[in-house]
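Report on the structure
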Amino acid sequence: MADRKISIFVEEVCRVEGHGNIVLNATDGKIEELRLEITESPRLFEAFMLGRRWDEATHIACRICGICSIAHSTASVLAIEDAFGIEPSEQTIALRKIAYHGEMIQSHVLHFYYLAAPDFLGVPSVIPLIQSHPEEVKRALRLKRLGNDLCKLIVGRHIHPCAYLPKCMPKLPDPAAMEALHTRCLDARRDLDAAVALFSTLKLPDFDRPTECLASWDPDEYGMYRAVKIKSSNGDMTDTREYKTKIREFVVPHSHAKHAETENGAYMVGALARFKINYDQLHPKAKEVAQALGLTTDCTNPYAITVAQVVETVHSLEETIKYLEWCLGRELEWEDWDVKPRAGRGVGITEAPRGLLIHDYTFDDGGKLTNVNCIIPTNQNLNNIEHDFHALVPQIIERPDDEIRLLLEMLVRAYDPCISCATHMLKVEIKR
Amino acid sequence: MAKPRAAVFSMTSCEGCSLAILECENELLDVLEHVEFVEWREAMSEKTTEPIDIVFVDGSVSTHHDIKYIKRIRERARMLVPIGACAVNGSVNALKNRYGMNEAKEIVYGEAGAQFDTIPVRPIRAVVPVEFEIPGCPMNSEEFLRIVRDLLLGKKPRLPNYPVCVECKRKENVCVFEKGMFCMGPVARAGCGADCPSYGGWCEACRGFVDNPNEQAHWEVLQERGLTPEEVMQRFDIFCAWEIEDRRARAQQEKKE
Ligand code: SF4
Ligand code: SF4
Ligand code: SF4
């Protein structure tokens, strides 16, 4: 193909949360420009959290993101508890995990059904699927609503919890409502079986690029709700308070969102990273599903993130059932909310649906914030996405523009980026 | 009759409010029978160049780009309906107005700040006229459905003009001040069913204030309960920094006249 000039500009990639552009310019198969531009307006959270009381931190920070506000709230209360030396009770943790897994279910279902599946089924959005795949759409709605209702049961709302506090839950859920949700969770197993059947027929684009992965690690369970350490796919462990020794964030000119790297360069976080790192602790039912979908821990295809989300949804559903049964099996006890602030630093690390999420707070003796740093999953993935672009484009450069464009968009969507989060724009370093 | 054509756009926000439309799961399929979504970047790839009957926008105006963007949307929309606190009163985004723009950039970006476009945060109605506003962070899905129904029927929707405390007492909640929490219920606009106190937390006035809030009295209550004046101001500011400044500016204007 002589003198072929490719110029692809995807303005505001659709079916991702937030505003990002893909830029590709190439002449005769030689890439001149290739990047993912983040154009979302910066929101400057760090600047306005400074100087505020500890009890305002969680509800402000969760406004960074509407899709994963429970994950942000979780990281935030974990950071506050770490700073103030608070150990929440087993009951509080069980209740939080019901909401936490509820968000995981709703977010993964939203992504794999509404945002990613249309690409595989060759339609522009979920809307035509209402006609062509009505049962699938109803199933998706049902699963997503289950996730929302689990959040609602515990913290009142899935987008920006009404009350998610350090130390204890300020309201105990009604046993009858828990019972009803437990039944719905058992029924949801069938819906998920059907989702697995659908996804087993979809074919992922061929592409592989090995990269380092990072995820939360907990000795007692599949790392999600709380990281005891950060674990790398190469086996390295990092203490939560020492995360900066592993992760470095930096600014690039074409993006309103920071990028990140480890000593090994770009890395991946999210469902596939967790799956690869913590596979052994996955629920046996989720392992079966992984096998049925052909997903293995040596997978290096980023398009498979969507498949890992299906697997994790099964895991989160089983965890939810377990914690609901735990709560239903006893009389829940009222706990008093008496938080005593003290000076010091606290780090809270959890897994948002899109990956490792870090909140790092420092308080003075009055419990006012003197330093805030948050590291967001999408920021960490951006660098990796661009590295994927550079590996993928030479392999597909001979194909028609439309196909190249679709494959690049699908790749961005596979990471399920949450660009509003990524442009919360906290303190930055300059790369020279 | 052809279905009304609807679209959803986002500016500076967490996009939680456009997501809240998808949250109307049970009703979503019914809604889709009555309106046709023609553009919604978060959820679909389809786009349109035709005029749109009803446009929902979440997010504040916070860059020069946002100003151009919302003006373009206004031209295409028969009805423009800002959804959520970001779009209606600036929400937490407007907290950055409390800093000088250069200072805010410096805190956040250090030397790299120069490359970013940021201006004081404003709600949509401060830039273009709007037909109706749906408050809340996030907006309440039931209220959204009710208001959309009214707008499509040509009725004028209403928002309550009494404080959250009224709804809270109706629900017989224990007042959270008793638990040592600080609540904005007495000055906040109701309509959410006092959601936060009902789940054991405190109200932060995410729906803005009632029309004539008794700010002074509430200011004193919060101080009596132990907040310093600076802390009281920070509480008032969380969701209403823009609203407070705007009211102040208008009062000054009136004085001059
Ligand atoms: S009002 Fe709240 S929920 Fe809605 S977009 Fe703004 S921050 Fe998100
Ligand atoms: S909890 Fe808040 S909203 Fe409810 S009565 Fe007390 S002050 Fe009012
Ligand atoms: S109780 Fe207050 S903060 Fe909570 S939803 Fe209602 S108005 Fe918003």
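Described below are features of the structure shown in this document. (Residues numbered from 1 in each chain as written. Chains lettered and ligands numbered in written order. Predicted model: local features only at pLDDT ≥ 70, side-chain atom pairs only at ≥ 80, totals over all residues. Heavy atoms only, no water.)

A separate point is empty space enclosed by the protein. All names here are of chain B. Counting across every chain of the model gives 10 cavities of 30 Å³ or more. Roughly 130 Å³ of internal volume is contained in the second largest cavity. Counting residues per element, the lining of the second largest cavity draws most heavily on helix H8 (residues 195-198), at three residues. (1 Å grid on protein atoms, 1.4 Å probe; cavity = no way out; pocket = protein on both sides within 12 Å on 5 of 7 lines; lining within 4 Å. Points joined across faces, edges and corners; volume = space filled by probe spheres on them. Helix = DSSP H or I, 4+ residues; strand = E, 2+ residues; numbered from the N terminus.)

Our focus in this paragraph is the packing of aromatic side chains. Scanning the entire structure with this criterion turns up 15 aromatic pairs over all chains. The interplanar angle of 85° and the centroid separation of 6.1 Å between the aromatic rings of Tyr361 of chain A and Phe363 of chain A together place this pair among those described as edge-to-face. Of the two residues, Tyr361 of chain A and Phe363 of chain A, neither departs from the other in class, the shared state being buried. Here Phe9 of chain B and Tyr69 of chain B contribute two aromatic rings whose centre-to-centre distance is 6.3 Å and whose plane-to-plane angle is 85°, an arrangement assigned as edge-to-face. Here Phe9 of chain B is found in strand S1 (residues 5-10), whereas its partner Tyr69 of chain B is found in helix H3 (residues 64-76), with 60 residues between them in sequence. For the pair formed by Phe9 of chain B and Tyr69 of chain B, the shared burial category is buried. Members of the aromatic cluster, connected to one another through ring pairs, are Trp54, Phe84, Trp337, Tyr361 and Phe363 of chain A together with Trp202 of chain B. The ring of Tyr199 of chain B carries the charged tip of Lys171 of chain A above its face, separated from the ring centre by 4.9 Å. Positioned above the aromatic ring of Trp326 of chain A is the side chain of Arg330 of chain A, whose terminal nitrogen or guanidinium carbon lies 3.7 Å from the ring centre. (Phe/Tyr/Trp six-rings, centres within 6.5 Å; stacked < 30°, edge-to-face > 60°. Buried < 20%, exposed > 50% of the residue type's maximum accessible area, 1.4 Å probe, protein only. Lys NZ or Arg CZ within 6 Å of the ring centre and 35° of its normal.)

With that settled, consider the sheet that holds strand S12 (residues 369-375) of chain A. Strands pair in a sheet through their backbones, by hydrogen bonds, and they do so in one of two ways: parallel or antiparallel. Residue and element names in this part refer to chain A. In spatial order, the strands read S10-S11-S12; together these three strands make up an open sheet with antiparallel pairing. For this open sheet the edge positions go to strand S10 (344-352) and S12, each flanked by a neighbour on one side alone. Taken over all neighbouring pairs, the strand axes of this sheet differ in orientation by 10° on average, direction set aside. Looking at chain direction, S10 and strand S11 (residues 355-363) are connected through nine bridges and run antiparallel. For Gly344, the partnering residue across the bridge sits in S11 and is Phe363. (Pairing = 2+ DSSP bridges. Axes fitted to C-alpha atoms, helices over the stretch in contact; angles between N-to-C directions.)

Fair warning: the whole summary comes from geometry, so function is off the table for now.
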